[in-house]
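Coordinate analysis (summary)
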Amino acid sequence: IPSSTQVFLSTELLRALPRSKVLASSLLPCQQHQSQFGPVAHLPASRQSSHMWQRRQPSRSYQTSSVLHSYILTPPQVNSILKANEYSFKVPEFDGKNVSSVMGFESNQLPANAPIEDRRSAATCLQTRGMLLGVFDGHAGCACAQGLSERLFYYIAVSLLPHDTLCELEAAVEAGRALSPILQWHKHPNDYFSREAQRLYFNSLRTYWQELIDLTSPGDVPDTREALLNAFKRLDNDISLEAQVGDPNAFLHYWVLRVAFSGATACVAHIDGPDLFIANAGDARAVLGVQEEDGSFSAHTLSNDHNAQNESEVARIRSEHPPSERKTVIRQERLLGLLMPFRAFGDVKFKWSIELQKRVLESGPDQLHENEHTKFIPPNYHTPPYLTAEPEITYHKLRPQDRFLVIGSDGLWETLHRQEVIRIVGEYLTGVHQHQPLKVGGYRVTLGQMQGLLEERKARASSAFEDQNAATHLMRHAVGNNEFGTVDHERLSKMLSLPEELARMYRDDITIIITQFNPHVIGAQRQEGQS
């Protein structure tokens, strides 16, 4: 597994602290993936499992100021940390002319957990058309998010294949011939693939396409919305089934249980010409950057958060369980008082019957029995399943004024408002800064301080392009913005130098994918579709 610059990260000491996504952890973090993001000084073994059950404590519980002053990083050191996981991809041009609605994308990740529990994926569909981009936010460990990052796009791509192509795939496997590639992956060197599980993953995928062959007919044209829906639900079902069946290989048996007992949300975009679909399960978010006639940018949200702030989600969950559970199914804005997202992959503790959980754990490897939390049953657990991975799917027909799409894990949206995210990215991509009235947020500011803030803003505008990656630029703001909305290098340095046991107290992992659209191609494609 490749290693990179050590990145122990945090943000927002002065703001209200985001809450831990899950109060109950089923398994330990993904310790075998530590080198993916650098060495990790773990908590003592006796504290590791209990550590994930605790709420993040208010910042006043820690004497952080004396610690922070001893870790001031230089600007090159800050840049090295921020850029360690950045990635960019430009769609190739054909005959000097780009015929894709997507010009390219840029992504980045900033860990708070050690190791990071977020994952990202991007790929081009080779057997059909279109591009897939996704952010996966793990909880109770990184195993489930890791599995999604490797598998979900294959399930989507297979769901989009016509009947004849599915038959060709099956015939090639039967004959022992090499398969035509389904996806072209666009991966950072740190984006890990678990080689040990590839055979298991392939067998499950093959079973899925065999069933699709039986369910479809020659000439059938797959529906994108239905394909996304089926892919999400089928993969979650396979994750559950693999954990129940187990594997003769001890490592794989342990791995499939870790994937199933941890959890992950998913936000995926499928872009084909002017057709943009968002499939979302959980609280990651997709927001479109729209350029207005005056050159400013506005935010158009394409996904809904599936949590207690979504009244329709609360109503949905309550409607699926008896009236006697109305007061217990959602407590303290969490599912059964424990889980913040109301839709997620894995998390079989919220899906399986108590009897099934006990049976699977009793037959599982010894490592599971060493962790008392795997035996934990959520309170008021009467009518499972309480959780689903069924996505909410949004369609948007791209217009020339739709300039870019930001997909981010909730760690981004906890630190910046969506309109601020779109403004920062829009100004970065266009080089045009739409200065808003300087806000001081109720602070008393002297004229001298105001002049200093204005000079700082002017300097920031001239140095805004030190980042060659839009996701990195946005991340710099998410971590380094001060109370006046400007990037403060000293603050940024302090936040990035926190040791990992403190970093998670102040923010979540942050993963960002920014996709830039080609307005000329989109305009032409819309005209072709209307003619």
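Going by the structure above, here's the rest.
Not measured: the values here are computed from a predicted model.

A few words now on the overall build of the chain. Along its length, the chain carries 18 helices and 15 strands. Going through the 531 residues of the chain one by one, you find that 57% of them count as buried. Sequence-distant contacts in the chain: of pairs separated by 6 or more residues, those separated by 24 or more amount to 79%. For the chain, the exposed surface amounts to about 22800 Å²; the carbon and sulfur share of it is 51%.

Helices that pack against each other are described as a pair by the angle of their axes relative to one another and the distance between those axes. Their axes nearest at 8 Å, the elements helix H7 (residues 224-245) and helix H8 (residues 250-261) cross at an angle of 135°. When the axis of H7 is compared with that of H8, the two are oblique. For the pair H7 and H8, the sense of crossing is left-handed. Contact residues: H7 offers Ile-239, Glu-242 and Ala-243, while H8 offers Val-256, Leu-257, Val-259 and Ala-260. By residue class, the composition of the contact of H7 with H8 is 6 nonpolar, no polar and 1 charged.

Counting 56 residues, the largest nonpolar core has Leu-152, Ile-156, Phe-232 and Phe-345 as its most contacted members. Contact partners of Ile-156, with chain neighbours within four places excluded, come to Leu-132, Leu-228, Ala-231, Phe-232 and Val-268.

Relative to the assigned elements, His-473 resides in helix H15 (residues 470-480). Of the polar contacts made by the side chain of His-473, one reaches the side chain of Asp-467; its length is 3.5 Å.

Time to look at the pairing of strand S3 (residues 118-125). Most of S3 is tucked away, with 8 of its 8 residues classed as buried. Judged from the 7 bridges that link them, S3 and strand S4 (residues 131-139) form a sheet pairing that is antiparallel. When the sheet's bridge partners are listed, Ser-121 is paired in S4 with Gly-134. Count of turn residues in the S3/S4 antiparallel hairpin: 5 residues, of which Gly-130 carries a positive phi of about 110°.

Before going further, it helps to examine the sheet that holds strand S1 (residues 87-90). Spatially, the 6 strands line up as an open sheet ordered S1-S2-S15-S14-S8-S9, and their pairing is antiparallel. Each of the sheet's edge strands pairs with one partner strand only, and the pair in question is S1 and strand S9 (297-301). For this sheet, the mean inter-axis angle between neighbouring strands, taken without regard to orientation, is 20°. Where strand S14 (residues 402-408) and strand S15 (residues 510-517) come together, 5 bridges link them in antiparallel fashion. Pairing of Val-406 across the sheet is with Ile-514, part of S15.

This paragraph deals with the packing of helix H13 (residues 418-430) against H15. As a packed pair, H13 and H15 sit with axes 10 Å apart at the nearest point and diverge in direction by 135°. Overall, the two elements H13 and H15 adopt an arrangement that is oblique. Handedness of the crossing formed by H13 with H15: right-handed. Contact residues: Val-421, Ile-424, Val-425, Tyr-428 and Leu-429 in H13; Ala-470, His-473, Leu-474 and His-477 in H15.

Here we come to helix H6 (residues 198-215). The end-to-end C-alpha distance of H6 is 26 Å, a good match for the 26 Å that 18 residues give at a rise of 1.5 Å each. Within H6, the full set of buried residues consists of Leu-200, Tyr-201, Ser-204, Leu-205, Arg-206, Tyr-208, Trp-209, Leu-212 and Ile-213. Taken together, the buried residues of H6 touch helix H4 (143-159), helix H5 (163-175), H7 and H8.

A full pass over the atoms with the stated rule returns 19 salt bridges. The partner of Arg-234 in a salt bridge is Asp-238, with the nearest N and O atoms 3.2 Å apart. Separated by 4 residues within a single helix, Arg-234 and Asp-238 lie in helix H7, roughly one turn from each other. Arg-234 sits in the buried class, given a relative accessible area of 16%. We note a salt bridge from Asp-402 to Arg-399, for which the minimum N-O separation is 2.7 Å. With a relative accessible area of 0%, Asp-402 lands in the buried category.

Calculation notes
- Residues numbered from 1 in each chain as written.
- Predicted model: local features only at pLDDT ≥ 70, side-chain atom pairs only at ≥ 80, totals over all residues.
- Heavy atoms only, no water.
- Helix = DSSP H or I, 4+ residues; strand = E, 2+ residues; numbered from the N terminus.
- Buried < 20%, exposed > 50% of the residue type's maximum accessible area, 1.4 Å probe, protein only.
- Contact = heavy atoms within 4.5 Å.
- Areas by Shrake-Rupley, 256 points an atom, 1.4 Å probe, with all protein chains shown as cover.
- Axes fitted to C-alpha atoms, helices over the stretch in contact; angles between N-to-C directions.
- Parallel < 35°, antiparallel > 145°, perpendicular 65-115°, else oblique.
- Left-handed = near helix turned anticlockwise from the far one by under 90°.
- Nonpolar A, V, L, I, M, F, W, Y, C, P; charged D, E, K, R; others polar.
- Core = buried A, V, L, I, M, F, W, Y, C linked by side-chain atoms within 4.5 Å.
- Polar contact = N/O pair within 3.5 Å; in protein donor to acceptor, adjacent residues only side chain to side chain.
- Pairing = 2+ DSSP bridges.
- Expected span 1.5 Å × (residues − 1).
- Salt bridge = Lys/Arg side-chain N within 4 Å of Asp/Glu carboxyl O.

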